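As a plain string of letters, each chain reads:
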Amino acid sequence: MAIQTSAQETINTLDAIFERHRNDRICVLGTTCCGKTTLLRQIPGCVDLDDELWPQLTQEEADFISRKPWTKEIGDFIDRLVYERISVKPGHPLFTTIIVECDVVIYLDISEALLAEHCKKRGNSFTDAKNVKDAVEGDWNHHREKGGKTFYYLCVTE
């Protein structure tokens, strides 16, 4: 299912999906600077991947994944850490850049133009965000090909 939404429409759509799948494990997938944190702060019961993963990292792991620019090597390392240490609980959707074991995946897509605007406002690297977006899309496409999950696609417009 593909839906293009404003911020409030995105919240309403996510609420409806979360209610429909309240007994399922849900990943809300999106790149850096697409608005995941802004959204999850407005929806009770949601979990941020960073809040779950960072407290579990050693200093060496944190230093490695914080390196700039973002590379596939860093992404693969983060993937491994997340798969080993993070799980999704029913009723507590995980906002993430990585699909972990779950029943439902919601992809928050963002145009490159809007992503560039968001990165500029936040002082983040557009190149890094775009590289993460490419990796997220690859993960999304891989899981869709495998099947076995319910998939939703939302296009963020603000």
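Preceding this paragraph is the structure being described.
In this report, we go over the structure that sits alongside the text. (Residues numbered from 1 in each chain as written. Predicted model: local features only at pLDDT ≥ 70, side-chain atom pairs only at ≥ 80, totals over all residues. Heavy atoms only, no water.)

### Digging into the packing of helix α6 (residues 112-122) against helix α7 (residues 126-146)
Link 1 in the chain: It is at 9 Å that the axes of α6 and α7 come closest, and there the two elements cross at 135°. Between α6 and α7, the angle is such that the two are oblique. Handedness of the crossing formed by α6 with α7: right-handed. Residues Glu112, Leu115, Ala116 and Cys119 of α6 form the contact with α7, whose own contacting residues are Phe126, Ala129, Lys130 and Lys133.
Link 2 in the chain: Per-class residue counts for the contact of α6 with α7 are five nonpolar, no polar and three charged. (Axes fitted to C-alpha atoms, helices over the stretch in contact; angles between N-to-C directions. Helix = DSSP H or I, 4+ residues; strand = E, 2+ residues; numbered from the N terminus. Parallel < 35°, antiparallel > 145°, perpendicular 65-115°, else oblique. Left-handed = near helix turned anticlockwise from the far one by under 90°. Contact = heavy atoms within 4.5 Å. Nonpolar A, V, L, I, M, F, W, Y, C, P; charged D, E, K, R; others polar.)

### A closer look at the pairing of strand β2 (residues 26-29)
Link 1 in the chain: Residues of β2 alternate between two faces, with Ile26 and Val28 on one and Cys27 and Leu29 on the opposite face, all of them buried.
Link 2 in the chain: For β2 and strand β5 (residues 104-110), the ladder comprises four bridges, and the chain directions are parallel. Across the sheet, residue Val28 finds its bridge partner in β5, namely Ile106.
Link 3 in the chain: The pairing of β2 with strand β4 (residues 94-96) spans three bridges and is classified as parallel. What sits directly across from Cys27, in β4, is Leu94. (Buried < 20%, exposed > 50% of the residue type's maximum accessible area, 1.4 Å probe, protein only. Pairing = 2+ DSSP bridges.)

### Thoughts on the packing of aromatic side chains
Link 1 in the chain: Following the criterion strictly, the structure yields six aromatic pairs and no others.
Link 2 in the chain: Seen in terms of ring centroids, Tyr107 and Tyr153 are 5.7 Å apart; in terms of plane orientation they differ by 70°. Their pairing is edge-to-face. Here Tyr107, found in strand β5, pairs with Tyr153, found in strand β6 (residues 150-156); they are 46 residues apart in sequence, far enough to count as distant.
Link 3 in the chain: Overall, the relative accessible area of 3% leaves Tyr107 in the buried class.
Link 4 in the chain: A relative accessible area of 23% places Tyr153 in the partly exposed class.
Link 5 in the chain: Geometrically, the ring pair formed by Trp140 and Tyr153 is tilted, given 6.5 Å between the ring centres and 45° between the ring planes. Of this pair, Trp140 sits in helix α7 while Tyr153 is found in strand β6, placing the two residues 13 residues apart along the sequence.
Link 6 in the chain: Counting every residue linked through ring pairs, the aromatic cluster contains Tyr107, Trp140, Phe151 and Tyr153.
Link 7 in the chain: A cation over an aromatic ring shows up here: Arg144 above the ring of Phe151, its NZ or CZ 5.9 Å from the ring centre. (Phe/Tyr/Trp six-rings, centres within 6.5 Å; stacked < 30°, edge-to-face > 60°. Lys NZ or Arg CZ within 6 Å of the ring centre and 35° of its normal.)

### Brief notes about the environment of Ile26
Link 1 in the chain: Looking at the element boundaries, Ile26 is found in strand β2.
Link 2 in the chain: The class for Ile26 is buried, based on a relative accessible area of 2%.
Link 3 in the chain: It is 7.1 Å that separates the C-alpha atoms of Ile26 and Pro90, two residues lying 64 residues apart in sequence.
Link 4 in the chain: Residues in contact with Ile26, not counting those within four places in the same chain, are Phe18, His21, Val88, Pro93, Leu94, Cys102, Val104 and Ile106.

### Points about α6
Link 1 in the chain: Along α6, the residues that are buried comprise Leu114, Leu115, His118 and Cys119. Taken end-on, α6 shows its buried residues confined to a sector of 140°, consistent with a single buried face. Seen from the buried face of α6, the exposed residues on the opposite side, beyond 90 degrees, are Ala113, Lys120 and Lys121.
Link 2 in the chain: Its buried side turned inward, α6 meets β5, α7 and β6.
Link 3 in the chain: Gly123 occupies a position one or two residues after α6 and carries a positive phi of about 70°. (Arc of directions from axis to C-beta.)

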